[in-house]
Amino acid sequence: MTSKQLETDQEVRWCPGCGDYSILKQVQNVIPELGLKREEIVFVSGIGCSSRFPYYMNTYGMHSIHGRAPSVVSGLKAVRPELSVWIITGDGDSMSIGGNHLIHMLRRNFDTNILLFNNQIYGLTKGQYSPTSEEGKMTKSTPMGSLDHPFNPAALALGAEATFFARTMDRDPKHLRDVLKVANDHKGASLVEIYQNCNVFNDGAFFGMTDKDTKLEQTLFVEQGKPLIYGPQREWGIMLDGLTPRKVSTSEVSANDLWIHDDRDRVKANILARFFGDPMAEGNFPRPFGVFYQAQRATHDDLINAQVNRAKEALGAGDLDKLLSGRNTWTIA
Amino acid sequence: MENQIIEPSGLRPMGTRKNSKVVDQTVVEIVSDSGEGAQKCGQSLGSISAKMGNGVWTVEIIPAEIQPPARSREGASGIRVRIGSKKVTNMGNHANLVVALNEQVLYGRLAQDAYKEGTVLLIENKWANHELEHIRNQYAEAITEFKAQGLDVREIPMETECLKLVRDAQKGKNMWVLGMLCGIYGRDMERAEEQVRGIFRKKSEKIISSNLELLSAGYDWALNNLEFNYEIPAMKLDVDQVVMNGNEAMSFGTMAAGIELCSMYPITPATSVSHHLAENFEKVGGIVHQAEDEIAAIGFAIGASYAGKTALTVTSGPGLALKTEFIGLAVMAEIPLVIINVQRGGPSTGLPTKVEQSDMLAAIYGETGDAPKIVFAAATIEECFHFVILARKLAETFRTPVMLLSDTNLATGVQPFPRPKINSEWFASPIDQSAWKEGVGAFQWSAETGISKRPIPGQKGGMYTLTGLAHDEKSRVAYDPDINQRSAEHRSRKMAAFQQTLKRPAINGDAEGDLLLVGWGSTLGAIEEAVAKAQEEGLKVSSIHLRFLLPLEPGLKDIFSRFKKVVTVELNYSDKVGDPMITSENRRYSQLAWYLRAHTLTDVDCFSNVFGQPMSPAKVLQFIQNEVKK
Ligand SMILES: Cc1ncc(C[n+]2csc(CCOP(=O)(O)OP(=O)(O)O)c2C)c(N)n1
Ligand code: SF4
Ligand SMILES: [Mg+2]
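These numbers were taken from a predicted model, which means no experiment stands behind them. (Residues numbered from 1 in each chain as written. Chains lettered and ligands numbered in written order. Predicted model: local features only at pLDDT ≥ 70, side-chain atom pairs only at ≥ 80, totals over all residues. Heavy atoms only, no water.)

Engineer: Got a minute to help me understand the site of ligand 1 in this structure?
Structural biologist: The local shell around ligand 1 holds 17 residues, among which Cys49(A), Ser50(A), Asp91(A), Gly92(A) and Asp93(A) are the closest. Flanking ligand 1 are residues from chains A and B. Here an oxygen atom of ligand 1 sits 2.7 Å away from a polar atom, N or O, in the side chain of Asp91(A). One of the side-chain N or O atoms of Asn119(A) is found 3.0 Å from an oxygen atom in ligand 1. In isolation ligand 1 offers 590 Å² of accessible surface; the protein chains occlude 77% of this area. Per-element tally for the shell around ligand 1: the top contributor is helix α3 (residues 91-97) of chain A, with 4 residues. (Near = heavy atom within 4 Å. Polar contact = N/O pair within 3.5 Å; in protein donor to acceptor, adjacent residues only side chain to side chain. Areas by Shrake-Rupley, 256 points an atom, 1.4 Å probe, with all protein chains shown as cover. Helix = DSSP H or I, 4+ residues; strand = E, 2+ residues; numbered from the N terminus.)

Engineer: How do you make sense of the nonpolar core when you look at a structure like this?
Structural biologist: Grouped burial of nonpolar side chains is what soluble globular proteins tend to show. Residue and element names in this part refer to chain B. Leu-549 and Phe-560 are the most contacted members of the largest nonpolar core, which totals 102 residues. Residue contributions to this core peak at 7 residues, all from helix α10 (residues 294-306). Those residues in contact with Phe-560 that lie beyond four places of it in its chain are Leu-516, Val-518, Ile-544, Val-566, Leu-596, Thr-600, Thr-602 and Val-604. (Core = buried A, V, L, I, M, F, W, Y, C linked by side-chain atoms within 4.5 Å. Buried < 20%, exposed > 50% of the residue type's maximum accessible area, 1.4 Å probe, protein only. Contact = heavy atoms within 4.5 Å.)

Engineer: What is the right way to look at the domain arrangement of chain B in this model?
Structural biologist: Often the size quoted for an interface is simply the accessible area lost on bringing the parts together. Residue and element names in this part refer to chain B. What the domain assignment lists for chain B is domain 1 (21-231), domain 2 (242-421), domain 3 (432-501) and domain 4 (513-629). When each unit is reduced to the centre of its C-alpha atoms, the spacing between domain 1 and domain 2 is 34 Å. Between domain 1 and domain 2 lies a buried interface of about 1100 Å² when both sides are counted; carbon and sulfur atoms form 57% of it. The three residues of domain 1 that bury the most area against domain 2 are Trp-57, Thr-58 and Ile-62, which together make up 45% of that side's buried surface. The interface formed by domain 1 and domain 2 holds 0 salt bridges in total. Where domain 1 packs against domain 2, one counts 2 residue pairs in polar contact (both at pLDDT 80 or more). (Domains from an automatic or database assignment. Buried area = accessible area lost by both parts, 1.4 Å probe. Salt bridge = Lys/Arg side-chain N within 4 Å of Asp/Glu carboxyl O.)

Engineer: What exactly am I supposed to notice about the site of ligand 2 here?
Structural biologist: Taken together, Trp14(A), Cys15(A), Cys18(A), Cys49(A), Asn119(A), Gly123(A), Gln196(A), Cys198(A), Asn199(A), Val200(A) and Phe201(A) make up the full set of residues near ligand 2. The residue inventory of the shell around ligand 2, partitioned by class, reads 7 nonpolar, 4 polar and no charged. (Nonpolar A, V, L, I, M, F, W, Y, C, P; charged D, E, K, R; others polar.)

Engineer: Hey, could you run me through the coordination of the magnesium ion (ligand 3) in this one?
Structural biologist: By definition of the ideal shapes, a tetrahedral metal site with four donors has angles of 109.5 degrees and an octahedral site with six donors has angles of 90 or 180 degrees. Protein coordination at the magnesium ion (ligand 3): the donors are Asp91(A) (OD), Asn119(A) (OD1) and Ile121(A) (O), at 2.0 to 2.2 Å from the metal. Given the relative accessible area of 2%, Ile121(A) is considered buried. (Donors = N, O, S within 2.8 Å, 3.2 Å for Na, K, Ca; no water.)

Engineer: What should I look at first to understand the interface of chain B and chain A in this one?
Structural biologist: Counting residues at the interface gives 73 residues for chain B and 56 residues for chain A. Taken together, the two surfaces of chain B and chain A that pack against each other cover about 5300 Å², and 63% of this comes from carbon and sulfur. Its largest share of buried area at the contact with chain A, chain B owes to Lys283(B), Glu292(B) and Met463(B), together 14% of the area lost on that side. One can count 2 salt bridges joining chain B with chain A. Put simply, Glu292(B) and Arg108(A) hold a salt bridge, and the shortest N to O gap is 2.8 Å. At the boundary of chain B with chain A, the tally comes to 20 residue pairs in polar contact (both at pLDDT 80 or more). Take the side of chain B that touches chain A: its biggest share by element is 8 residues, from α10(B). Classifying every residue of the side of chain B that touches chain A gives 39 nonpolar, 18 polar and 16 charged. Strand direction decides the pairing type here: strand β2 (residues 60-63) of chain A and strand β19 (residues 465-467) of chain B, joined by 3 bridges, are parallel. Across the sheet, the residue bridging to Gly61(A) is Thr465(B), located in β19(B). (Pairing = 2+ DSSP bridges.)

Engineer: Sorry if this is basic, but what is going on with the pattern of salt bridges here?
Structural biologist: Working definition: two side chains of opposite charge can pair if their charged atoms are close together. Residues and elements named next belong to chain B. According to the stated counting rule, one finds 45 salt bridges over all chains in the structure shown. The partner of Asp-605 in a salt bridge is Arg-587, and the shortest N-O contact between them spans 2.9 Å. Here Asp-605 is found in strand β24 (residues 605-608), whereas its partner Arg-587 is found in the loop between β23 (563-570) and α18 (591-600), with 18 residues between them in sequence. Note on accessibility: Asp-605 and Arg-587 belong to one class, buried.

Engineer: What's the story with the layout of surface pockets in this structure? I'm lost.
Structural biologist: In this approach a probe as big as a water molecule rolls over the atoms, and the regions it shows empty are the leftover space. There is about 630 Å³ of room inside the second largest pocket. What lines the second largest pocket is a set of 27 residues, among which Asn58(A), Gly461(B), Gly462(B), Met463(B) and Tyr464(B) lie closest to the centre. (1 Å grid on protein atoms, 1.4 Å probe; cavity = no way out; pocket = protein on both sides within 12 Å on 5 of 7 lines; lining within 4 Å. Points joined across faces, edges and corners; volume = space filled by probe spheres on them.)

Engineer: I keep staring at the sheet that holds strand β9 (residues 152-156) of chain B and nothing clicks. Help me out?
Structural biologist: Residue and element names in this part refer to chain B. The 6 strands lie next to each other as β5-β6-β4-β7-β8-β9, forming an open sheet whose pairing is mixed. Each edge of the open sheet carries a strand with a single partner, namely β5 (55-61) and β9. The mean inter-strand angle of the sheet, taken between neighbouring strand axes irrespective of direction, is 15 degrees. Contacts between helix α2 (residues 104-111) and the sheet are confined to β4 (25-32), β5, β6 (77-84), β7 (97-100) and β8 (120-124), with β4 contributing the most and set at about 135 degrees to the helix. (Axes fitted to C-alpha atoms, helices over the stretch in contact; angles between N-to-C directions.)

In structure tokens:
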């Protein structure tokens with residue numbers, strides 16, 4: 001399989017310059033490396049600009065209804081665990097109308113990859129604030145500024161018992177590809193939040209973190225087993241003082257004494273998830289990217305099928321005729 | 001007539017049955033506070049009777065609350081059992097006999113017109129000597145009132161009798177009552193013993209034998225202390241029978257259909273379908289999935305169906321409302337799926353435990369846009385079994401969601417029917433994973449029938465994106481307005497293609513006359529019983545009973561044209577002309593009437609109500625008599 005073979009004849013209908021193009025490209029680049037057959041891959045989406053994604057993948061796909069892709073995928077995986085199933089969703093799709101299904105998908109841990117295109121706006125409906133928009137967001141539906149406090153997707157996922165959370169961005173193709181591969185390797189529901197620029201309704205929402213002039217200052221790329229270091233000259237590090245993170249100068253603290261990233265450590269993942277304020281504000285930390293957390297827990301697909309097999313073994317494959325002639329059957333002579 | 005009962009093994013000697021009166025049917029109620037086992041008692045009486053070859057129909061009497069306060073008027077919990085010499089198809093009219101464990105619960109039933117003058121009331125008399133004065137007074141007042149209303153009141157020392165055998169009369173009184181009723185109605189005590197052993201099969205031998213003793217003590221007491229008892233002759237049936245309620249029948253039907261998955265969110269009165277299913281489903285490889293809500297439940301079923309498995313989702317009113325957007329997707333994207341809606345009273349939370357047939361139009365028209373799908377309704381408990389199998393077949397043949405309607409009356413009613421012999425043709429064929437034929441679209445609609453074949457993930461060369469957007473034969477999003485028109489035509493054509501295979505509904509009675517009643521769903525038995533009586537009286541009345549609602553069965557307009565008047569009988573709301581503000585212009589018709597008026601351009605009238613009670617033959621008969629005389 002080549003990435004070319006994954007393209008379809010459908011005209012791509014995103015606005016020129018939309019971050020979705022880059023994500024599509026990287027997904028098409030990564031999939032051929034995963035050793036899958038095209039007919040055994042399914043992309044399922046909800047509704048939104050991002051959710052048009054399945055049309056552009058030459059695999060099986062479903063453009064379902066707004067917010068409900070996780071429920072469709074749960075049924076799909078329950079009966080066909082061998083398929084590689086990917087959920088494509090937006091910030092509104094997954095955290096507003098579909099919030100309920102997202103959290104249940106995460107706790108049940110079906111083996112699927114969830115790509116959350118977070119542009120902090122409703123793109124398809126032309127620019128209303130979303131559950132990830134910052135407070136005070138001026139949109140057509142909130143001309144005086146939105147009042148809602150935004151969701152923190154990392155904290156939401158960890159709170160919902162997710163077994164995998166990672167963050168990446170449309171503007172860093174290599175990082176995006178690397179994260180997608182790790183997410184796919186993870187057995188269970190892998191939630192990948194992708195910062196995606198909507199250049200029409202929320203242009204520049206992440207520029208500070210994606211633009212090369214400011215990126216190194218505002219972001220923290222975590223890698224398994226490596227110390228948390230960032231800054232244009234890698235001059236800053238993060239130390240853990242008990243459970244309190246502290247920004248330190250790498251010229252004063254040796255790398256061994258810094259916080260070493262361990263994506264199996266739930267406590268540390270929770271602290272990392274709290275690095276969520278404006279990275280430029282006094283006292284705040286940079287925004288983390290990479291795999292925050294991954295844990296092994298039985299997947300729902302495996303559990304269901306194991307239970308069915310156990311039932312068949314313990315009770316013998318069911319004989320319906322026998323069931324129907326159980327206690328409540330008789331003949332009247 | 002003297003009727004010596006043979007002594008069954010392990011039981012004490014039985015009393016002698018004297019002067020038994022032979023009746024061809026009777027209606028018995030057992031009412032109590034909830035948790036006193038009245039339903040178990042009545043179900044057992046029903047099963048024993050069915051096994052003797054009697055016709056049986058049971059209806060549960062359910063309070064809205066799980067644990068209403070004891071001795072409350074609204075808290076009546078219990079069961080009605082109608083036993084007949086022939087097949088019984090409905091709950092009948094007034095009860096002939098009622099057993100009450102306290103007097104308060106009877107008020108509610110009286111208000112519902114469950115009893116008439118002469119109904120025998122066997123009432124627990126322990127309240128007469130209760131330590132609290134106000135309870136003694138309540139009891140005394142009630143007895144006076146019941147007598148004044150014409151009930152034939154017999155005060156029975158149930159508690160005292162049970163205490164002779166067990167320390168806690170609350171546990172086991174229902175079995176004593178069962179014994180008493182077996183005595184009164186000449187039930188086969190070997191069958192009764194077997195029934196009691198079945199109920200307590202998971203309990204210790206000691207518990208079993210103490211319940212058996214209560215059973216035979218109740219039997220003896222009846223024969224030694226009551227001056228009446230009855231015989232209800234039974235039929236000889238040479239085919240195996242099964243006895244179950246409609247929800248159990250649907251769960252067996254689900255397995256017999258080869259459906260592989262049922263997803264649901266608990267809701268009364270649909271939940272027990274999945275409970276029955278969960279007991280056995282995994283043995284035949286099936287899955288019951290309890291989703292986070294009804295939307296997710298149907299999404300789950302759609303995901304499984306898209307992946308090639310046959311799926312079912314079960315719900316009731318409020319849950320159906322939540323499923324509508326996904327049903328629209330299933331229609332648009334032609335996803336085979338069975339949806340069972342066990343109707344309860346509505347709108348909103350409505351009457352969760354009571355019967356209504358108010359979801360018909362929601363089932364047919366509930367989705368936005370034009371969303372044709374097959375909708376049909378079971379009329380008997382036996383049909384609850386067979387229609388699930390049919391629903392699965394139709395869903396796959398016509399690549400469509402299929403909605404099967406039932407209701408509380410069928411869901412909880414128990415009736416015997418011939419035991420189905422499982423037929424492997426009922427099962428779904430395994431999914432085809434051979435390569436998809438090149439060039440064929442995922443929606444290659446037949447111009448003739450609108451039917452197309454679908455590729456399944458895993459099938460080489462079949463890749464497509466299923467979509468809820470208007471789409472062409474290749475499932476490509478339609479930017480051309482013609483495509484939407486064309487695809488809508490094909491989806492609608494499937495309904496017509498199916499309609500062409502349907503037969504005209506059978507007419508119960510003459511093909512012409514003064515009045516034709518049209519029913520659907522669980523009212524079948526009551527309507528046909530009333531029509532039979534009216535026909536005996538010489539009235540020119542017939543009835544038809546619709547199973548298919550979308551598409552409708554053929555020939556209706558022609559059938560209607562041969563009757564002076566056509567009236568639907570339904571358990572949903574309609575206005576009555578003459579009520580304040582209601583005129584013949586603004587009057588709202590009941591649902592089937594509305595639908596048939598539009599469909600046949602016939603002036604179809606309606607007889608309907610929403611009391612939350614099953615339709616009674618007496619009410620229908622009275623309606624017929626008034627109508628024909630007019
Ligand atoms: C039930 C329902 N309500 C509303 C809509 C309209 N709608 C479509 S997409 C959308 C929001 C999409 O935002 P998001 O999920 O962030 O996706 P984006 O377009 O930003 O990629 C809304 C409100 C719909 N399609 N269905
Ligand atoms: S509206 Fe925004 S998110 Fe949608 S396609 Fe255009 S740029 Fe992309
Ligand atoms: Mg968005």
